[in-house]
Structures are given as structure tokens and as C-alpha cells.
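Architecture and fold: a report
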Amino acid sequence: MIVSNLQNSGRIESLHPQFKPLFDYVKTHDLLHAELGRIDIDGDDLFIMNINPECVPQDKQVLEVHRIYIDVHILLEGTERIGWKAIEDVKQEIKPYDKEGDCALYADPSTTWVDLLPGQFMIVYPEDPHAPVVGAGNIRKLIAKVKI
């Protein structure tokens, strides 16, 4: 897991060939006022979901795990809390891995919490079970999907 802000994204852009194109796109487009939905940058190798979800209470959110994609959660508006737990400690599967949705769900409680503010991002790799969209009310965020 990596947490930072868009201003400092250059420090981590070398970690994956798609990170620089992703952050360049986000920094040069007004995505807060763009239409909701999928934004293709490089087909299925790099795309963004521009969403406006309603947050859920911390005790109601489950952990999700991906295998094919790295998630980059970028907050545009509101406040979002994201939970995390080490993969080796995740045991309570409630939805087996689905390859088409690239997701498995777990009921284990998160052990670490990060509060994101607009302009901040969290990168979660497949070894990072995470529980996003925790809080109150609606937020505006991007979830970039970066193919491993």
C-alpha cells in the first residue's frame, strides 16, 4: 500500500509503467466535473472508474482483494476512510474470487485505517486487502485499474 498526494506522484511513477500515464491524465483533466463512468486510457491495461458512491459505516464494509489489477483510489471530493489488513491475516472469505470481476471479499476487520482528503491517493496491490468508501454521505472519487 502506498499513500500520497497528486503533487508528489512523481516519486512513485517509476514503480509501474502505467503510473506516469495515469497521473499525467488525472492532473491534466477536470475529472471532478466529468461524466461518471469508465474512462479508457490504455484499454483494459489502464482505465479509470469515475464514481460518486455513498459511503458506508466502518463496521459494515468488507475487505476486497484483486489479482489482475492494482487499484489506485484517488479522492476528488469529500472525505474517505479506507481500511487495510495484511493478506496473511485475512481468513474469513465471504465471496470467492471471481476472475471476471477480479475480486474476492472477506469479512475480517481492517487493522489499519487511512483517511483520504481531496487530491490524495492510495495504491493497493493484490497483497493489500482493502475496504474503501467508508464514511458518511457521498464522495467523488476515481478508482484507476492498472493491469499487473
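Above this note sits the structure.
Read on for an overview of the structure. Since we're looking at a predicted model, the values are computed, not measured. (Residues numbered from 1 in each chain as written. Predicted model: local features only at pLDDT ≥ 70, side-chain atom pairs only at ≥ 80, totals over all residues. Heavy atoms only, no water.)

Remarks on the nonpolar core
In terms of nonpolar packing, the biggest core is built from 21 residues, with Phe 19, Phe 23, Val 72 and Ile 123 touching the most fellow members. At the level of elements, helix 1 (19–28), strand 3 (46–51), strand 5 (69–77), strand 10 (120–124) and strand 12 (140–147) are the ones that each hand at least two residues to this core. Ignoring sequence-local partners within four residues, the contact set of Val 72 consists of Phe 19, Leu 22, Phe 23, Phe 121, Met 122, Ile 123, Leu 142, Ile 143, Ala 144 and Val 146. Residues Cys 55, Ile 82, Val 114 and Leu 116 belong to the second largest nonpolar core, which totals 9 residues. (Core = buried A, V, L, I, M, F, W, Y, C linked by side-chain atoms within 4.5 Å. Buried < 20%, exposed > 50% of the residue type's maximum accessible area, 1.4 Å probe, protein only. Helix = DSSP H or I, 4+ residues; strand = E, 2+ residues; numbered from the N terminus. Contact = heavy atoms within 4.5 Å.)

Things to note about the pattern of salt bridges
By the definition in use, this model includes 6 salt bridges. A salt bridge links Lys 20 to Asp 24; its shortest N-O distance comes to 3.0 Å. Placement of the pair is Lys 20 and Asp 24 together in helix 1, with a separation of 4 residues, close to one helical turn. For Asp 40, the salt bridge identified is with Arg 38, shortest N-O distance 2.7 Å. A residue is classified by how much of its surface remains accessible, and Asp 40, at 48% relative accessible area, is partly exposed. Each of the salt bridges in this network shares a partner with another, and the network as a whole consists of Arg 38, Asp 40 and Asp 44. (Salt bridge = Lys/Arg side-chain N within 4 Å of Asp/Glu carboxyl O.)

Here we look at the sheet that holds strand 3
Here 6 strands make up an open sheet; going across it, the order is 1-10-5-12-3-2 and the pairing antiparallel. Each of the sheet's edge strands pairs with one partner strand only, and the pair in question is strand 1 (2–5) and strand 2 (37–42). Each neighbouring strand pair of the sheet contributes to a mean axis angle of 20°, computed without reference to strand direction. Examined bridge by bridge, strand 5 and strand 12 share 8 bridges and lie antiparallel to one another. Following the sheet pairing, Tyr 69 is matched in strand 12 by Lys 147. (Pairing = 2+ DSSP bridges. Axes fitted to C-alpha atoms, helices over the stretch in contact; angles between N-to-C directions.)

Re the pairing of strand 7 (residues 93–98)
In terms of strand pairing, strand 7 meets strand 8 (residues 103–106) through 3 bridges, oriented antiparallel. Residue pairing in the sheet places Lys 95 in a bridge with Leu 105 of strand 8. Taking the residues that link successive antiparallel strands as the turn, the strand 7-strand 8 hairpin has 4 residues, and the phi of Asp 102 there is positive, at about 50°.

As far as function goes, none of this settles anything; it's purely spatial.
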